[in-house]
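# Topology and contacts: notes
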Amino acid sequence: QVQLVESGGGLVQAGGSLRLSCAASGLTFSTRAMGWFRQAPGKEREFVAAINYSGDRILYADSVKGRFAISRVNVKNAAYLQMNRLKPEDSAVYFCTARPLVATTRPSDYPDWGQGTQVTVSL
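Residues numbered from 1 in each chain as written. Predicted model: local features only at pLDDT ≥ 70, side-chain atom pairs only at ≥ 80, totals over all residues. Heavy atoms only, no water.

What follows concerns the sheet that holds strand 7 (residues 68-73). Strand order in this open sheet of four strands is 1-3-8-7, and the pairing throughout is antiparallel. Edge positions in the sheet fall to strand 1 (3-7) and strand 7, since each has one partner strand and no second. Neighbouring strand axes in the sheet, compared pairwise and without regard to direction, differ in orientation by 15° on average. (Pairing = 2+ DSSP bridges. Helix = DSSP H or I, 4+ residues; strand = E, 2+ residues; numbered from the N terminus. Axes fitted to C-alpha atoms, helices over the stretch in contact; angles between N-to-C directions.)

And the structure:
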């Protein structure tokens, strides 16, 4: 079975940084686009970042562009989200997800999801 396990969330002050990790198993990682989405209480799940199977096409939400960076290390079956200059509005559960080949921004495009990791940014 496909398993995606996020880690690295926590509590951080505004302006700080966190790096989220996603460990993938049960799939051919090198053929999958990887994405990060987030969901705050009472809100819909929203796109954050995605990277295609080969790492040469990357998409970011406007709200995180210039602050967050998505990356992948295929030999480790891992994807990462480096989050810098964090803001309180970044607080959410962050989910790692995977789909074939091409990075997209729609949650419905991604069939496989992790359990999420909580990120809380305080003032």
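Moving on, there is more to tell.
This next bit is on unusual backbone geometry. Even without glycine at this site, N77 takes up a positive phi of about 50°. Mapping N77 onto the fold places it in the loop between strand 7 and strand 8 (78-83). By relative accessible area, which is 26% here, N77 ends up partly exposed. Phi is positive for L101, which is not a glycine, with a value near 60°. Note that L101 resides in the loop between strand 9 (92-100) and strand 10 (112-113). (Buried < 20%, exposed > 50% of the residue type's maximum accessible area, 1.4 Å probe, protein only.)

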